[in-house]
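Observations on the model geometry
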Amino acid sequence: MAAVDSVSASQSARLRILHISEAYGGGIASAINDYALRTPEFEHVLLVAHRRGKVGIGEQLPGLTLHDLRTGLPAAIADIRRVARTAQIDVVHAHSSYAGLYARLALSPKRWPIVYSPHCFGFERTDVAAPVRAGLLGIERLLARRTSAFVVVGRRERQVAARVGHDVPTLTVPHVSPAVASTRRRRGEPFRIGVIGRLCAQKDPTFLRDLVLEVQRRYPRVKLMWNWLGDGERQSFLDLRAVGVEVSGWTSREEAMAAMEDLDLCLLTSAWEGFPFTVIEAATRQVPVLARSIPALSEEGFPNLCDGVETMADAIAEVATSQVRYERLDRNTREWLSRYEKASKAVDLASFYIDLASRTAQPHQHHHHHVPRLRAVAPVGTDPYGC
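Residues numbered from 1 in each chain as written. Predicted model: local features only at pLDDT ≥ 70, side-chain atom pairs only at ≥ 80, totals over all residues. Heavy atoms only, no water.

The strand order across the open sheet formed by six strands is β10-β9-β8-β11-β12-β13, and the pairing between neighbours is parallel. At either end of the open sheet lies a strand with only one pairing partner, and these are β10 (246-247) and β13 (305-306). Note: strand β8 (residues 191-196) against strand β11 (residues 265-268), two bridges, orientation parallel. Of the residues in β11, the one forming a bridge with Ile 193 is Leu 265. Of the strands in this sheet, β8, β9 (224-229), β11 and β12 (289-292) are in contact with helix α7 (residues 205-218), which crosses β9 at around 175°. (Pairing = 2+ DSSP bridges. Helix = DSSP H or I, 4+ residues; strand = E, 2+ residues; numbered from the N terminus. Contact = heavy atoms within 4.5 Å. Axes fitted to C-alpha atoms, helices over the stretch in contact; angles between N-to-C directions.)

In structure tokens form, the structure reads like this:
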């Protein structure tokens, strides 16, 4: 575990934001990176559980302080309380369900402002029975009483958050990806198609399996190369391999992004999402995106949506065989990304953190910490994106 450094004079005027994640990686890692890059004037502290591929976190966010989060409720609560006190944290930002549970049980929002980013609420799952979803909703509503604010990723998640805690201040922060110099090749033959993510119910590898079989049945002459970039459930791995999908297994984020740039088309097959960061990462790398129609995307006005396996099979056959259709899909993706990024950049996360911190005076603030109000602070709960 990284040792807690003493607070230097240069750090004394900076807010300290503690990001907690029980499952650091994928979209959660990208979101935390985004929040830190948006607010470089603050010190970001990371408390995360061990996961394969955690090496390199410090390279993604240079200068952060890193702590290990132990698994299990009692140990996790003890770790959160210890780091919040010893690192003199001003705002706690919990990411996803387990971290949200741990943080809101461990700390009092009267002493530490607790921000919760669900990264897709658990009761949105479609792979569990209705009583389970109702139970998860009930738990979230109870925990909302110990929540200072929600930070959500899009219009759909904001609507869902209102069902959980209608009086909890909420800020919508659409994800952005750092600009990259894409070197990917253009549309080629065979036409390379890829899905990125874990082999799990949310990403729905069964949908991809059915899609591959549909394309093979109806368009046997179209030359396609199918890829799944990620690891996960063994049966899904075998099912995809059986229909000709190349499954990469676990890769580092850098390897996954490099493989993405070599795709002609990025697919999103998810059954549900808060908002799929893969769409942003692909579009930023100039890779056209075709997606399954889910509320998280339709509410954002994403243009390239397909209602089911048959319509997606038709769309793939069209863009793989027609340069005109392919360029149209590419143009739609880029134009949507431009609008999305413009809305995202208008969101002032820094002022949101400052306003929350100013409402809860910490014991350490009187002797070392003064929050600078460098800009006008909009009322908590409003934002220029999703009011």
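Moving on to the environment of Asp 355. Structurally, Asp 355 can be placed in helix α14 (residues 349-359). Between the C-alpha atom of Asp 355 and that of Pro 113, which follows or precedes it by 242 residues, the distance is 10.0 Å.

Here we take up the pattern of salt bridges. What the rule picks out here adds up to 19 salt bridges. The salt bridge partner of Glu 300 is Arg 155, with a shortest N-O separation of 3.0 Å. Of the two residues, Glu 300 is situated in the loop between α11 (295-298) and β13 and Arg 155 in helix α6 (residues 155-164); the sequence distance between them amounts to 145 residues. With a relative accessible area of 8%, Glu 300 lands in the buried category. Residue classification places Arg 155 among the partly exposed residues on the basis of a relative accessible area of 32%. By sharing partners, the salt bridges in this structure join Glu 214, Arg 217, Arg 218 and Asp 314 into a single network. (Salt bridge = Lys/Arg side-chain N within 4 Å of Asp/Glu carboxyl O. Buried < 20%, exposed > 50% of the residue type's maximum accessible area, 1.4 Å probe, protein only.)

This brings us to the sheet that holds strand β7 (residues 170-172). The parallel open sheet is built from seven strands, whose spatial order is β3-β2-β1-β4-β5-β6-β7. Edge positions in the open sheet fall to β3 (65-68) and β7, since each of these has one partner strand only. Adjacent strand axes in the sheet meet at a mean angle of 20° when their direction is disregarded. Sitting on the sheet, helix α4 (residues 97-106) touches β1 (16-21), β4 (91-95) and β5 (114-117), and the angle it makes with β4 is about 145°.

Side chains of a nonpolar character, in soluble globular proteins, are inclined to be buried together. Judged by nonpolar contacts, the single largest core of 43 residues is most densely connected at Tyr 35, Leu 297, Trp 336 and Tyr 353. Ranked by residue count, the leading element in this core is α14, at seven residues. Here Leu 297 is in contact with Leu 268, Phe 275, Pro 276, Val 279, Ala 291, Arg 292, Phe 302 and Leu 305, once residues within four sequence places are set aside. Ranked by size, the runner-up nonpolar core spans 31 residues in total, among them Val 212, Leu 267, Val 309 and Leu 329. (Core = buried A, V, L, I, M, F, W, Y, C linked by side-chain atoms within 4.5 Å.)

Right, let's talk about the packing of helix α9 (residues 253-260) against helix α10 (residues 277-284) for a bit. Closest axis-to-axis distance for the α9/α10 pair is 10 Å, and the angle between their directions is 60°. By the angle between their directions, the pair α9 and α10 is classed as oblique. Classified by chirality, the crossing of α10 by α9 is right-handed. Residue-level inspection shows Arg 253, Met 257 and Met 260 of α9 in contact with α10, the latter providing Thr 278, Glu 281 and Ala 282. Of the residues that constitute the contact of α9 with α10, the class distribution is three nonpolar, one polar and two charged. (Parallel < 35°, antiparallel > 145°, perpendicular 65-115°, else oblique. Left-handed = near helix turned anticlockwise from the far one by under 90°. Nonpolar A, V, L, I, M, F, W, Y, C, P; charged D, E, K, R; others polar.)

This part covers α7. With 14 residues, α7 ought to run about 20 Å at 1.5 Å a step, and its terminal C-alpha atoms sit 20 Å apart, in line with that. For α7, the complete set of buried residues consists of Pro 205, Phe 207, Leu 208, Leu 211, Val 212, Glu 214 and Val 215. (Expected span 1.5 Å × (residues − 1).)

With that settled, consider the pairing of β8. β8 sits mainly inside the fold: six of its six residues count as buried. Burial of the side chains of β8 extends over both faces: Phe 191, Ile 193 and Val 195 are buried on one face and Arg 192, Gly 194 and Ile 196 on the other. Here β8 pairs with β9 via six bridges, running parallel. Of the residues in β9, the one forming a bridge with Arg 192 is Met 225. As a crossover connection, the stretch from β8 through α7 into β9 is right-handed. (Right-handed = clockwise from strand over helix to strand, strands pointing away.)

What follows deals with the packing of aromatic side chains. Within the structure shown, the criterion is met by 11 aromatic pairs. Taken together, the ring pairs in this structure connect Tyr 116, Phe 121, Phe 123 and Phe 150 into an aromatic cluster. One residue, Arg 104, lies across the ring of Tyr 116, its end atom 3.9 Å from the ring centre. (Phe/Tyr/Trp six-rings, centres within 6.5 Å; stacked < 30°, edge-to-face > 60°. Lys NZ or Arg CZ within 6 Å of the ring centre and 35° of its normal.)

For any two helices packed against each other, the geometry comes down to the angle between their axes and how far apart the axes lie. Running from N to C, helix α12 (residues 309-321) and helix α13 (residues 323-345) cross one another at 110°; their axes reach a closest spacing of 5 Å. Relative to α13, α12 is oriented roughly perpendicular. Seen from α12, the contacting residues are Glu 318, Val 319 and Thr 321; seen from α13, they are Gln 323, Arg 325, Tyr 326 and Leu 329. In the contact of α12 with α13, the residues fall into three nonpolar, two polar and two charged.

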